[in-house]
Amino acid sequence: MKFFVDTADTNEIRDLAATGLLDGVTTNPSLVLKSGKNFIPLIEEICGIVDGPVSAEVAATDYETMWKEADKLRQIADHVAVKVPLTPAGLKVCKKLSDEGTMVNVTLCFSAAQAILAAKAGAAFISPFVGRLDDVGEEGMNLIADIVEIYANYPNFQTEVLVASIRNPMHIVNSAKLGADVITCPPSVIRQLYQHPLTDKGLANFVEDWKKTGQSIL
Ligand code: G3P
């Protein structure tokens, strides 16, 4: 399972990249706004930190402008995944980019039907938003189960299931149980994965007992 971080905060990205566990980065217009930085230099900076896919989202909603933006974004680096919305225009851009060998992340997916369209359009990643479905009283993980099952029926679909809008560690564990390819989540949720009170308690005991031995490994 690949771990992407869903942030435009380059300090956080550097910190997580140093763990060696980070496989990529996803951004969106809201995260860019939060960063307070200029978009193009920001994506250039992120691409200099991580070698894996860096999702950079188009801003336009019409095909012509979206295509021009996508063409500009993909020239930033080979590992930019152009992020497009799951709309007719977005999927048209997706198909053209994919045919030309550019990675595309299709975002704002809320149904299995939409995920089928994205796979047919050659998306490298489909981003179903589990947290936002949970927020409106649906079970976000059911969508992941459906997409994973459907994609498995068609080995010619190369699209990876990128679980997005993750709010807690159980979203990640359940995504892994279902065989999702990638998760993207805020830095805070990645850090939560390390936590267990019995780990802290057990380590405190081991440290204490080791001191009592009076020994040193080095
Ligand atoms: O970047 C897409 C997705 O992860 C957004 O998550 O928390 O804004 O629903 P959220």
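Worth saying up front: this structure is predicted, and the values here are computed from it rather than measured.

1. Describing the overall build of the protein chain
When you go through the protein chain residue by residue, the secondary structure sums to eleven helices and eight strands. Burial statistics for the protein chain: of 218 residues in total, 46% are counted as buried. When the accessible surface of the protein chain is summed, it comes to about 11400 Å², and 55% of that surface belongs to carbon and sulfur atoms. For the protein chain, the centre of its 19 positive side-chain charges and the centre of its 27 negative side-chain charges are spaced 2 Å apart.

2. As for the sheet that holds strand β3 (residues 54-57)
Around the barrel, which closes on itself, the eight strands sit in the order β1-β2-β3-β4-β5-β6-β7-β8 with parallel pairing between neighbours. Geometrically, the sheet is characterised by an average inter-axis angle of 30° between neighbouring strands, direction not taken into account. Of the pairings in the sheet, the one linking β3 to strand β4 (residues 80-85) comprises four bridges and is parallel in character. Bridge pairing links Glu57 to Lys83 in β4. This element, helix α4 (residues 63-74), spans β3 and β4 of the sheet and lies at about 160° to β4.

3. Observations regarding the environment of Pro41
Considering the arrangement of structural elements, one finds Pro41 in helix α3 (residues 39-49). The exposure class assigned to Pro41 is partly exposed, which follows from its relative accessible area of 44%.

4. Overview of the pattern of salt bridges
The tally for this structure, following the rule as stated, stands at 13 salt bridges. Between Glu12 and Arg191 there is a salt bridge; the shortest N-O distance is 2.6 Å. Of this pair, Glu12 sits in helix α1 (residues 10-17) while Arg191 sits in helix α10 (residues 187-192), and the two are 179 residues apart along the sequence. In this structure, Lys95 engages Asp99 in a salt bridge whose closest nitrogen and oxygen atoms are separated by 2.9 Å.

5. A look at the packing of aromatic side chains
Per the counting criterion, the structure on display carries four aromatic pairs. Considering the side-chain rings of Phe4 and Phe125, the 5.7 Å spacing of their centres and the 75° angle between planes classify their relative orientation as edge-to-face. With Phe4 in strand β1 (residues 2-6) and Phe125 in strand β6 (residues 125-128), the pair connects residues that are 121 residues apart, well separated along the chain. Across the pair, Phe125 and Phe4 agree in class, each one buried. Arranged with centres 5.4 Å apart and planes meeting at 40°, the rings of Tyr154 and Phe157 form a pair that is tilted. In this structure an aromatic cluster arises from ring pairing among Tyr151, Tyr154 and Phe157. The ring of Tyr63 carries the charged tip of Lys92 above its face, separated from the ring centre by 4.2 Å.

6. Looking at the site of the ligand
Around the ligand sit Asp6, Asn28, Lys83, Phe129, Arg132, Ala164, Ser165 and Arg167, and those are all the residues in its vicinity. Contacts to the ligand include Asn28, whose side-chain N or O atom sits 2.9 Å from an oxygen atom. Ser165 has a polar side-chain atom sitting 2.7 Å from an oxygen atom of the ligand. Alone, the ligand offers 310 Å² of accessible surface; in the complex the protein occludes 82% of this. Each residue belonging to the shell around the ligand can be placed in one class, and the counts come to two nonpolar, two polar and four charged.

The rules behind these values
- Residues numbered from 1 in each chain as written.
- Predicted model: local features only at pLDDT ≥ 70, side-chain atom pairs only at ≥ 80, totals over all residues.
- Heavy atoms only, no water.
- Helix = DSSP H or I, 4+ residues; strand = E, 2+ residues; numbered from the N terminus.
- Buried < 20%, exposed > 50% of the residue type's maximum accessible area, 1.4 Å probe, protein only.
- Areas by Shrake-Rupley, 256 points an atom, 1.4 Å probe, with all protein chains shown as cover.
- Lys, Arg positive; Asp, Glu negative; His and termini not counted.
- Charge placed at Lys NZ, Arg CZ, Asp CG, Glu CD.
- Pairing = 2+ DSSP bridges.
- Axes fitted to C-alpha atoms, helices over the stretch in contact; angles between N-to-C directions.
- Contact = heavy atoms within 4.5 Å.
- Salt bridge = Lys/Arg side-chain N within 4 Å of Asp/Glu carboxyl O.
- Phe/Tyr/Trp six-rings, centres within 6.5 Å; stacked < 30°, edge-to-face > 60°.
- Lys NZ or Arg CZ within 6 Å of the ring centre and 35° of its normal.
- Near = heavy atom within 4 Å.
- Polar contact = N/O pair within 3.5 Å; in protein donor to acceptor, adjacent residues only side chain to side chain.
- Nonpolar A, V, L, I, M, F, W, Y, C, P; charged D, E, K, R; others polar.

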